[in-house]
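Residues per chain are reported as follows:
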Amino acid sequence: MRRIILAAVCLAVAGCGGQTTEDTSVDANPFFADYGTPFNVHPFDRIDEAHFMPAFEKGMEEQNIEIEAIVANPEPPTFDNTIAALDRSGELLGEVSRVFFALTGSNTNDEIQEIQKEIAPRLAAHRDEIQLNPELFARIKVVYDERENAGLNREQLFLLENLYQRYVRNGAVLDDDEQARLKEINQRLSQLRVDFGKNLLAETNAFKLVVTDEADLAGLPEGVIETAVATAAREELENAWVFTTHKPSMLPFLTYAENRDLREQLFTAYTVRGDQNNSNDNKAIMAEIINLRIEKARLLGYDSFAHYTLETRMAGAPEAVYDLLDQLWAASVPVAEREVVEMQAIIDAEGGGFELAPWDWWYYAEKVRKAQYDLDDNELRPYFERSRVRDGVFYVANQLYGLTFEELHDMPKPHPDAEVFEVFESDGEHAAVIYMDYHPRESKRGGAWCGRFRSQNRANGVEVDPVINLVTNFTTATEDTPALLSLDEVTTLFHEFGHALDGILADVTYRTSFRSTDFAELPSQIMEHWALHPEVLKVYATHYQTNEPIPDELIAKIEKSSTFNQGFNQVEYLAASLLDMEYHTLSEPTELDVNAFEKAAMDEIGLIPEIVPRYRTTYFSHITGGYAAGYYGYIWSGVLDHDAFAAFEETSLFDQETAQRFRNEVLAVSGTADFMDMWVAFRGREPEIEPLLRNLGLQ
Ligand SMILES: [Zn+2]
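This one's a predicted model, so the numbers in the text were calculated from it and none came from an experiment. Sequence order as written defines the numbering, with residues in each chain counted from 1. Residues qualify for local features only when their pLDDT is at least 70, as the model is predicted, and side-chain atom pairs are given and counted only at 80 or more; totals for whole chains, interfaces and linings, by contrast, use all residues. Calculated side-chain values reflect all of the structure's heavy atoms, with hydrogen atoms and water omitted.

1. A few points about helix α10 (residues 247-256)
Note: α-helices contain 3.6 residues per turn, so residues at a spacing of three or four share the same orientation.
Phase 1 of the analysis: Buried within α10 are the following residues: Ser249, Met250, Phe253, Leu254 and Thr255.
Phase 2 of the analysis: The contact rule is simple, with two residues in contact once any of their heavy atoms fall within 4.5 Å. Only DSSP runs of H or I reaching four residues or more are called helices, and only runs of E reaching two or more are called strands; each is numbered from the N terminus. Along its buried surface, α10 packs onto β1 (208-211), β2 (241-244), α11 (260-271) and α15 (361-372). Residue exposure (1.4 Å probe, protein chains only): buried if accessible area is under 20% of the type maximum, exposed if over 50%, otherwise partly exposed.

2. Considering the confidence of the model for the protein
Regions with low pLDDT should not have their predicted coordinates read in detail.
Phase 1 of the analysis: For the protein, the mean per-residue pLDDT works out to 93, and 96% of the residues sit at or above 70.
Phase 2 of the analysis: Of the regions scoring below 50 in pLDDT, residues 1-24 engages in 32 contacts with residues more than four places distant in sequence or in other chains. Confidence per residue, as judged by the predictor, is encoded in pLDDT with a range of 0 to 100.

3. What to know about the nonpolar core
Phase 1 of the analysis: Residues Phe243, Phe384, Phe497, Trp530 and Tyr540 are the most contacted members of the largest nonpolar core, which totals 156 residues.
Phase 2 of the analysis: By residue number, the principal contributor to this core is helix α14 (residues 318-349), which donates 13 residues.
Phase 3 of the analysis: Apart from residues lying up to four places away in sequence, Phe243 is in contact with Lys208, Leu209, Val211, Leu217, Leu220, Val224, Ala228, Ser249, Phe253 and Leu266.
Phase 4 of the analysis: Core analysis: the second largest hydrophobic core is formed by 28 residues, Phe44, Val96, Val433 and Val467 among them. To qualify as a nonpolar core, a set must consist of buried Ala, Val, Leu, Ile, Met, Phe, Trp, Tyr and Cys residues joined through side-chain atoms within 4.5 Å.

4. Notes on the packing of aromatic side chains
Phase 1 of the analysis: Two rings from Phe, Tyr or Trp (for Trp, the six-membered ring) form a pair when their centres are within 6.5 Å of each other. A pair whose planes differ by under 30 degrees is stacked, one over 60 is edge-to-face, and the rest are tilted. Counted according to the given criterion, the structure contains 48 aromatic pairs.
Phase 2 of the analysis: On the numbers, 5.7 Å between centres and 20 degrees between planes, the contact of Phe137 with Tyr164 is stacked. Placement of Phe137 in helix α6 (residues 134-145) and of Tyr164 in helix α7 (residues 154-169) is noted, with a sequence separation of 27 residues between them. This pair shows no difference in class: Phe137 is buried, exactly as Tyr164 is.
Phase 3 of the analysis: Centroid distance Phe519 to Phe675: 5.6 Å. Interplanar angle 40 degrees. Geometry classified as tilted. Taken together, the residues Phe519 in the loop between α18 (487-504) and α19 (522-531) and Phe675 in helix α26 (residues 675-683) connect sequence positions 156 residues apart.

5. Structural notes on the sheet that holds strand β4 (residues 419-424)
Phase 1 of the analysis: One bridge is not enough; two strands pair if DSSP finds at least two bridges between them. Taken in spatial order, the 5 strands line up as β3-β4-β5-β7-β6 in an open sheet, and their pairing is mixed. Edge positions in the open sheet fall to β3 (404-407) and β6 (449-454), since each of these has one partner strand only. In this sheet, adjacent strand axes meet at a mean angle of 25 degrees when their direction is disregarded.
Phase 2 of the analysis: As judged from the 6 bridges shared by β4 and strand β5 (residues 430-437), these two strands associate in the antiparallel manner. The residue of β5 that forms the bridge with Glu419 is Met436.
Phase 3 of the analysis: Each of β3, β4 and β5 touches helix α17 (residues 386-401); the most contacted strand, β4, lies at about 15 degrees to it.
Phase 4 of the analysis: Across the face of the sheet, α18 comes into contact with β3, β4, β5, β6 and β7 (467-471) while running at roughly 25 degrees to β6. Between the N-to-C directions of two axes lies an angle of 0 to 180 degrees, each axis being a line fitted to C-alpha atoms and, for a helix, fitted only over the stretch in contact.

6. A short note on the pattern of salt bridges
Phase 1 of the analysis: Any Lys or Arg side-chain nitrogen found within 4 Å of a carboxyl oxygen on Asp or Glu counts as a salt bridge. Under the definition given, this model contains 46 salt bridges.
Phase 2 of the analysis: The residue Glu288 makes a salt bridge to Arg188 at a minimum N-O spacing of 2.7 Å. Residue Glu288 is found in helix α12 (residues 283-299), and its partner Arg188 is found in helix α8 (residues 176-206); the two are separated by 100 residues along the sequence.
Phase 3 of the analysis: The class for Glu288 is partly exposed, based on a relative accessible area of 28%.
Phase 4 of the analysis: Each of Asp275, Asp281, Lys283, Glu598 and Arg616 takes part in salt bridges that share partners, so that together they form one network.

Pasting the structure below:
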């Protein structure tokens, strides 16, 4: 609806090529003509919901014709007539997909959701048809087999090898029976994943801690109580306060509630989700998922599902993951044990007369935090006015890479709230366009992310410049104050902008890239280090009323708080990561009692009784989805970003030589080169974990 109004306005001021607002025929579909916009950005002001379906259909049709032409080519297969041709195919489909899926995240409505439901399975089928096309694979295989003598450069070789590998991993070299079984396994796995999620949601929603005696709220801050009233109102309960096992409801209760019995009730309800032998039980489902994955991996020629998964990651193999996790585990457990001692001392001093249990951790950790690390977000916010933080991000990008930014007005935007900037290289050349859309609204999903309306490439011999879309859900302005961000929101903006830089500074030929979850967060997480560096804070964190830079004592508190509760954070996380690895390194299907398996695994690593893994098996939905044998990836990336930033600490904060190397060896080639090669080219050696241990206080 909104876009129709915009189109009408646009018509009134001319420049829309005389289209009428109701005309959504093929001729008027903006996806089918030159956009005629600055920098060729998408003509958001002329795109209407009704344009998507015809554009998707035409896009798929065009790509099918292109694929048929590749397969029917009478010439022998070459890199250019097969691999590059495949990379070039589907231009229109890519254009419409990127716009459409960006809107599903940040500016959706009922109509878009309807289209999404209809188009998602059709797009999946379209992709499958290409990825399972045996004639296409036969040509790819010829090029692959002859790759050594084809004179290919690094990017071409990487693209070819990964593309070939993708087909093989989808079963391209299996015989018919094996392919049929693989298809069955995949279908069953996707069904089980849905069932697991449904059960977990039902279990999470089933439990409510209903407080009716006001005395049981002792210790809870006003805001937490208000939320509990609102939750009760949604349940149509009067004179009651309701807390749930959703983390935003549970964690504040565990942190502040003085009533120990209620903390135990709520925490226990959280940890038994999916493990109550009722109709929502997830134990048998997880066991079947694990066993099917083992079968799938073996069918495809791998020792275990972890071997299969890690082949395409920077880690490469389970041994490398264990090597890292074991070292971190050894460093973290003693720190967690010291935290236990510290909290037990508080319990004893208060005459508690009990031993610290898992449901006590948040409550006593908060007491430690208050006594030793007290950092009040409301004290910080006046120094984090949104535009100043954004300018801080731009400052860092300028100091590192020489980029400059200029706000653009009168541009088509994915939403009127977005800001648009043109990005320039240090020599004044155009580098990119970036949209920044900061605040929540009903049409936007939660969280923060950075997408691309267009990725840099020169697949058709013409340089295509990137168009980036950064979306967040930050604190909004009030009547009295501008938007003042929390510390967490500040690091989020730097983080997402790191993803943006990965796109802005890309310098590649082809459109196809291969990324790995254990590497993809390096460009984003490294930016968080500059966000909180004292020298950088002094530049951008200035008081929105007085312009005074943030005082040294607040900076000191921020620095100190980075080590708070890290023993717990790491042990809780690493226990779940190791559990994930234990399941996925099994090499034979077995009768799997997941509770017994989980207990044995935790006993073996020596998990302390005061901590429960961040996810127990029956609610570990990361590993029913894309994080199977991949939950370790967060800390793997952590090792990389701390070690990468150490390269600047060893030289200087904005050392030009180091920045150039990071740009050339990592950002410019991201997704088109071997991950370890990229790393070593930047750092001169393999990653080391000491910088992470040091920064988190684990040494
Ligand atoms: Zn990220």
